[in-house]
Structures are given as C-alpha cells and as structure tokens.
Amino acid sequence: MNPALSVLLCCGLAAAAAALGALPLALRGRLPLAWIGWANAAAAGLMLGVAHALVSAGMDRDAVRVAVGAALGVAFIAFTHRATGTGDLDLNRLDETSPEYGYRVLLVGALHAAAEGVAIGSAMALSPPFGAFTAAAIAVHNVPEATVLAAILTSRGVRHRDAAGLAVAADVNQVLLAVVTYAVIAAAAPLLPWAIGFAVGALVY
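**Here we look at the overall build of the chain**
- Along the chain, the regular secondary structure elements total nine helices and zero strands.
- For 205 residues, the compact-globule estimate of 2.2 N^0.38 gives 17 Å, and the chain sits close to it at 17 Å.
- By its C-alpha atoms, the chain is 50 × 35 × 25 Å across when sized along the principal axes.
- Taking all 205 residues of the chain together, 43% fall into the buried category.
- In the chain, of all internal contacts separated by at least 6 residues, the share reaching a separation of at least 24 is 81%.
- Surface summary for the chain: the accessible area is close to 9,600 Å², and the carbon and sulfur share equals 70%.

Structure, rendered in structure tokens:
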C-alpha cells in the first residue's frame with residue numbers, strides 16, 4: 001500500500017474511534033462526574049505515553065532540534081489557547097448551557113487533535129509499524145476524550161448520535177495534519193526532528 005494511504009487509513013480509523021466515546025452515554029445516560037474525571041485522566045495518560053514513545057524514538061535524530069521543536073509545540077498550544085480564550089476551560093461543567101461554552105469545548109478538541117495528527121505523521125515517517133502503533137494509541141485516547149465531549153454536549157440536549165458525529169468531526173484535522181506532516185517530511189527529511197519535537201511539546205502541554 002502507498003505509504004501516504006497507510007497514514008490516511010490509520011489516522012482515519014483513529015478519528016473514527018471517537019464515535020465510540022458516546023456509547024457509555026447511550027447505554028447509561030448521564031455519567032457520574034467521577035467517570036468524566038477518569039476519562040480525562042485516561043486520555044491525558046495516553047497522550048503522555050505517545051509523547052514519551054515519540055521522544056524516545058526521535059532523540060537520536062537530533063536532540064537539539066527535537067528540544068527546540070518541543071518548545072515551539074508548547075508555545076503553539078499556549079498561543080492558540082490564549083487567542084481562542086480556551087486556556088482555562090473547565091471540562092467538568094456538565095450543567096453549563098450557554099452556546100459559547102459548547103463551541104469552546106469543540107474548539108479545544110480540534111486544537112488538540114491537530115497536534116495528535118502531527119504526532120501520527122511524524123511517527124509514520126520514523127517507521128510505518130511505529131506509526132501504526134501511535135495511531136492505535138491515539139485511537140484509544142480518542143474514545144475517553146470523546147466521552148468527555150459527548151457528556152458535555154448531551155447535557156446540553158444534543159442527541160447521542162449527533163454528539164458522536166461532532167466528536168469525530170473535531171478529529172478531522174487530526175487526519176489532515178497527519179497526512180500533511182508525513183508528506184512534508186517525505187519531501188524534506190531534515191524537518192523530522194522538528195516535527196517530532198513539536199508533537200511532543202504540544203502533547204505534553
């Protein structure tokens with residue numbers, strides 16, 4: 001299979017996995033707040049695991065460029081949060097019904113998905129098996145992350161299937177950034193350490 005198609009397929013499946021995040025709500029209804037906390041913790045732990053795997057695989061390429069790239073990744077996420085007013089967003093406000101809050105929650109998911117796409121694209125550039133492993137880890141991460149998103153949306157009256165669709169839609173740029181990152185690195189291999197560092201910094205932040 002064409003490598004770019006492999007990236008598209010793996011990342012597409014990872015994004016589609018987000019739809020499973022709405023399943024607990026469809027089966028149980030409103031979730032206890034503690035479940036939301038565990039879902040956030042699981043998603044965060046998986047992101048940190050992916051960041052660790054990436055930095056472990058990439059440091060021997062060029063440690064300085066990886067480190068500078070990580071600083072850029074942190075700066076990018078910090079800037080986008082500040083620019084969009086989502087830096088202090090509380091994801092536990094299930095009773096918040098203002099339209100602005102719902103939009104901001106979706107925006108946070110989309111911003112984070114972009115960094116995850118860069119991570120998958122970079123991992124695929126390192127090696128297809130490692131890329132597939134990274135995509136699988138992000139896919140698992142997308143499920144509890146989507147559970148949090150779906151809990152917020154359904155508490156605002158959004159239907160379960162619509163919440164599942166919105167969770168997947170928030171991860172579309174994950175697919176786009178993975179393919180673009182892989183294509184750019186394939187054309188300019190020296191950019192690989194920068195991309196790895198950027199992804200690591202953004203995921204950790």
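**Here we look at the environment of histidine 52**
- Tracing the sequence through the fold places histidine 52 in helix α3 (residues 33–58).
- For histidine 52, a relative accessible area of 54% translates into the label exposed.
- Between the C-alpha atoms of histidine 52 and leucine 203, which are 151 residues apart in sequence, the distance is 9.7 Å.

**With respect to a nonpolar patch on the surface**
- A cluster of nonpolar residues, Val64, Val68, Leu72, Val180, Val184, Leu191 and Trp194, forms a patch on the protein surface that exposes about 580 Å² of accessible area.
- Contributing elements (two or more residues each) for the nonpolar patch: α4 (63–84) and α8 (172–187).
- The biggest single contributor to the nonpolar patch is α4, with three residues.
- Looking at the element boundaries, valine 184 is found in helix α8.

**Brief notes about the packing of helix α1 (residues 3–16) against α8**
- One can describe the packing of α1 onto α8 by two numbers: an axis separation of 9 Å at closest approach and a directional angle of 155°. The angle between α1 and α8 falls in the class roughly antiparallel. Here α1 and α8 pass one another in a crossing that is right-handed. Residues Pro3, Ala4, Val7, Leu8, Cys11, Gly12, Ala14 and Ala15 of α1 touch α8, and the partners they reach there are Gln174, Val175, Ala178, Val179 and Tyr182.
- Its residues assigned to classes, the contact of α1 with α8 comprises eleven nonpolar, two polar and no charged.

**Details of the pattern of salt bridges**
- Scanning the entire structure with this criterion turns up two salt bridges.
- Between aspartate 62 and arginine 65 there is a salt bridge whose closest N-O contact spans 3.3 Å.
- We classify aspartate 62 as partly exposed; its relative accessible area is 24%.
- Note on arginine 65: relative accessible area 33%, which makes it partly exposed.
- A salt bridge links arginine 159 to aspartate 162, with the nearest nitrogen and oxygen atoms 3.0 Å apart.
- In this structure arginine 159 comes out as partly exposed when scored by relative accessible area, which is 48%.

**Some thoughts on the nonpolar core**
- Core analysis: the biggest nonpolar cluster contains 27 residues, and Val50, Leu54, Ala119, Ile120, Leu126, Ile196 and Leu203 have the highest contact counts within it.
- Taken together, the elements giving at least two residues each to this core come down to α1, α3, α5 (99–126), α6 (128–154), α8 and α9 (192–204).
- The contact partners of leucine 126, leaving out residues within four places of it in the chain, are Leu54, Ala57, Arg61, Leu192 and Ile196.
- Listed in part, the 18 residues of the second largest apolar core include Ala18, Tyr101, Val105 and Ala151.

**Quick look at the packing of α4 against α9**
- α9 packs onto α4 with a crossing angle of 45° between their chain directions and a minimal axis gap of 6 Å. Put simply, α4 runs oblique to α9. In this structure, the crossing between α4 and α9 has a hand that is right-handed. Counted together, Arg65, Val66, Val68, Gly69, Ala70, Leu72, Gly73, Val74, Phe76 and Ile77 of α4 and Pro193, Trp194, Gly197, Phe198, Gly201 and Ala202 of α9 form the full contact between these two elements.
- When grouped by side-chain class, the residues that make up the contact of α4 with α9 number eleven nonpolar, four polar and one charged.

The rules we used
Residues numbered from 1 in each chain as written. Predicted model: local features only at pLDDT ≥ 70, side-chain atom pairs only at ≥ 80, totals over all residues. Heavy atoms only, no water. Helix = DSSP H or I, 4+ residues; strand = E, 2+ residues; numbered from the N terminus. Rg over C-alpha atoms; globule rule 2.2 N^0.38 Å. Buried < 20%, exposed > 50% of the residue type's maximum accessible area, 1.4 Å probe, protein only. Contact = heavy atoms within 4.5 Å. Areas by Shrake-Rupley, 256 points an atom, 1.4 Å probe, with all protein chains shown as cover. Patch = residues over 30% accessible without salt bridge, like charges linked within 9 Å, V, L, I, M, F, W, Y side chains within 5 Å. Salt bridge = Lys/Arg side-chain N within 4 Å of Asp/Glu carboxyl O. Axes fitted to C-alpha atoms, helices over the stretch in contact; angles between N-to-C directions. Parallel < 35°, antiparallel > 145°, perpendicular 65-115°, else oblique. Left-handed = near helix turned anticlockwise from the far one by under 90°. Nonpolar A, V, L, I, M, F, W, Y, C, P; charged D, E, K, R; others polar. Core = buried A, V, L, I, M, F, W, Y, C linked by side-chain atoms within 4.5 Å.

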